[in-house]
Amino acid sequence: MTSFKRATLLFTVLFLITGFVYPMIVTLAAGFLFPNQAHGSLIVDNENRIIGSKLIGQNFTAPQYFQSRPSASGYNATSSGGSNLGPTNPVLLELVDNRTNALQKAGVASPIPSDLVMASASGLDPHISLESALIQVPAVAKARNLPEEKLRSLVLAESVNSPFAGTYVNVLSLNKVLDEMDQ
C-alpha cells in the first residue's frame with residue numbers, strides 16, 4: 001500500500017507541475033516577453049480593427065490586391081493541411097491549370113511561379129516568393145493606377161531576405177501598405 005500512496009502522490013505532484021504550473025509560467029513569460037507573437041501577431045488597420053494575422057494566409061481575389069498562395073484548407077486555421085494530391089493526380093493538375101488560367105486572366109504574365117498555383121503544406125502560408133510578388137506588379141499597378149516602378153519599389157521594400165527561406169513577401173502586410181497609400 002505504501003508504493004500505491006507514493007505513486008499516487010508522485011502522479012498528483014507531476015500532474016500539477018506539468019499540467020498547470022509549467023504551462024502557466026510559460027504562457028505568462030511569453031505574454032510578457034513576446035506580447036505580439038503570444039497574441040497571434042495580429043495586424044490592425046488605421047481604425048484599430050484586426051484585419052488578420054502575420055502568420056496566417058488570407059484569400060485576396062480583388063484585382064487591386066496581391067494574391068496569396070493557394071490554400072488546400074480554404075485558409076481555415078482550424079483545419080490546416082495540404083491536399084495530399086500527388087504530382088500526377090488529375091485533380092491537382094486541373095487545380096493548377098485553373099489557378100494558372102485565373103492568374104493569366106487577371107493580367108499576370110507567364111511563366112507563373114509555382115507558389116502562386118500550388119498550395120503549401122499547411123495551406124496557411126502567408127508568404128509568397130519575391131518572384132511571385134514581382135510578377136503580379138503589372139496587374140496590381142494597372143488596377144490601382146500606380147506606376148509599375150513605384151509598386152516594384154514598394155514590393156522590394158516589403159520583402160524579407162532569409163538565409164533559410166530565400167526572399168519572400170508577406171501578402172497581408174503588402175496589401176495593407178497599399179491600402180494605406182490610398183488613404
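Residues numbered from 1 in each chain as written. Predicted model: local features only at pLDDT ≥ 70, side-chain atom pairs only at ≥ 80, totals over all residues. Heavy atoms only, no water.

1. Points about the pairing of strand E5 (residues 166-170)
Note on strand geometry: in a regular strand, side chains alternate between the two faces of the sheet.
Alright, step 1. The pairing of strand E3 (residues 127-129) with E5 spans 3 bridges and is classified as antiparallel. What sits directly across from His127, in E5, is Asn170.
Alright, step 2. Turn length for the strand E4 (residues 160-162)-E5 hairpin, with the two strands adjacent in sequence and antiparallel, is 3 residues. (Pairing = 2+ DSSP bridges. Helix = DSSP H or I, 4+ residues; strand = E, 2+ residues; numbered from the N terminus.)

2. Some details on helix H6 (residues 171-182)
Alright, step 1. The end-to-end C-alpha distance of H6, which contains 12 residues, comes to 17 Å, matching closely the 16 Å that a straight helix rising 1.5 Å per residue would cover.
Alright, step 2. As for H6, its buried residues are in contact with strand E1 (42-44), strand E2 (50-53), E3, helix H4 (130-144), helix H5 (148-158) and E5. (Expected span 1.5 Å × (residues − 1). Contact = heavy atoms within 4.5 Å.)

3. Concerning the pattern of salt bridges
Alright, step 1. Evaluation of the coordinates by the stated rule reveals 7 salt bridges.
Alright, step 2. In this structure, Asp45 and Arg49 form a salt bridge, with 2.8 Å as the shortest nitrogen-oxygen distance.
Alright, step 3. Residue Glu47 pairs with Arg49 through a salt bridge whose shortest N-O separation is 3.2 Å.
Alright, step 4. The class for Glu47 is exposed, based on a relative accessible area of 57%.
Alright, step 5. Arg49 sits in the partly exposed class, given a relative accessible area of 49%. (Salt bridge = Lys/Arg side-chain N within 4 Å of Asp/Glu carboxyl O. Buried < 20%, exposed > 50% of the residue type's maximum accessible area, 1.4 Å probe, protein only.)

4. A closer look at the packing of aromatic side chains
Alright, step 1. Per the counting criterion, the structure on display carries 3 aromatic pairs.
Alright, step 2. A centroid spacing of 6.0 Å and a plane angle of 20° characterise the contact between Phe11 and Phe15, whose relative ring orientation is stacked. Here Phe11 and its partner Phe15 are both found in helix H1 (residues 2-33), 4 residues apart, which amounts to about one turn of the helix.
Alright, step 3. Note on Phe11: relative accessible area 56%, which makes it exposed. (Phe/Tyr/Trp six-rings, centres within 6.5 Å; stacked < 30°, edge-to-face > 60°.)

5. What about the sheet that holds E4?
Alright, step 1. Taken in spatial order, the 3 strands of this open sheet run E3-E5-E4, and their pairing is antiparallel. Every interior strand has two partners, whereas the edge strands, E3 and E4, have only one. With strand direction ignored, the average angle separating the axes of adjacent strands in the sheet is 40°.
Alright, step 2. Across the face of the sheet, H6 comes into contact with E3 and E5 while running at roughly 55° to E5. (Axes fitted to C-alpha atoms, helices over the stretch in contact; angles between N-to-C directions.)

6. Considering the side chain of Asn175
Alright, step 1. Its place among the elements puts Asn175 in helix H6.
Alright, step 2. When near neighbours in sequence (up to four residues on either side) are disregarded, Asn175 contacts Phe60, Tyr65 and Phe66.

7. What about the packing of H5 against H6?
Alright, step 1. Running from N to C, H5 and H6 point in directions that differ by 135°, and their axes come no closer than 10 Å. Between H5 and H6, the angle falls in the class oblique. Both H5 and H6 take part in a crossing whose hand is right-handed. Only Ser173, Leu174, Val177, Leu178 and Met181 of H6 make contact with H5, whose side of the interface consists of Lys150, Leu151, Leu154, Val155 and Glu158.
Alright, step 2. Residue composition of the contact of H5 with H6, by class: 7 nonpolar, 1 polar and 2 charged. (Parallel < 35°, antiparallel > 145°, perpendicular 65-115°, else oblique. Left-handed = near helix turned anticlockwise from the far one by under 90°. Nonpolar A, V, L, I, M, F, W, Y, C, P; charged D, E, K, R; others polar.)

8. Thoughts on the environment of Asp115
Alright, step 1. Looking at the element boundaries, Asp115 is found in the loop between helix H3 (90-105) and E3.
Alright, step 2. Between the C-alpha atoms of Asp115 and Ile128, which are 13 residues apart in sequence, the distance is 6.5 Å.
Alright, step 3. For Asp115, the side chain forms a polar contact with the main-chain nitrogen of Ser129, separated by 2.7 Å.
Alright, step 4. A distance of 2.4 Å separates the side chain of Asp115 from the side chain of Ser132, its partner in a polar contact. (Polar contact = N/O pair within 3.5 Å; in protein donor to acceptor, adjacent residues only side chain to side chain.)

9. Some thoughts on the environment of Gln67
Alright, step 1. For Gln67, the location among the structural elements is in the loop between E2 and H3.
Alright, step 2. Its relative accessible area of 22% is what places Gln67 among the partly exposed residues.
Alright, step 3. Discounting residues that sit within four places of it in the chain, Gln67 has contacts with Phe60, Leu103, Ala106, Leu116, Ile128, Gln136 and Val171.

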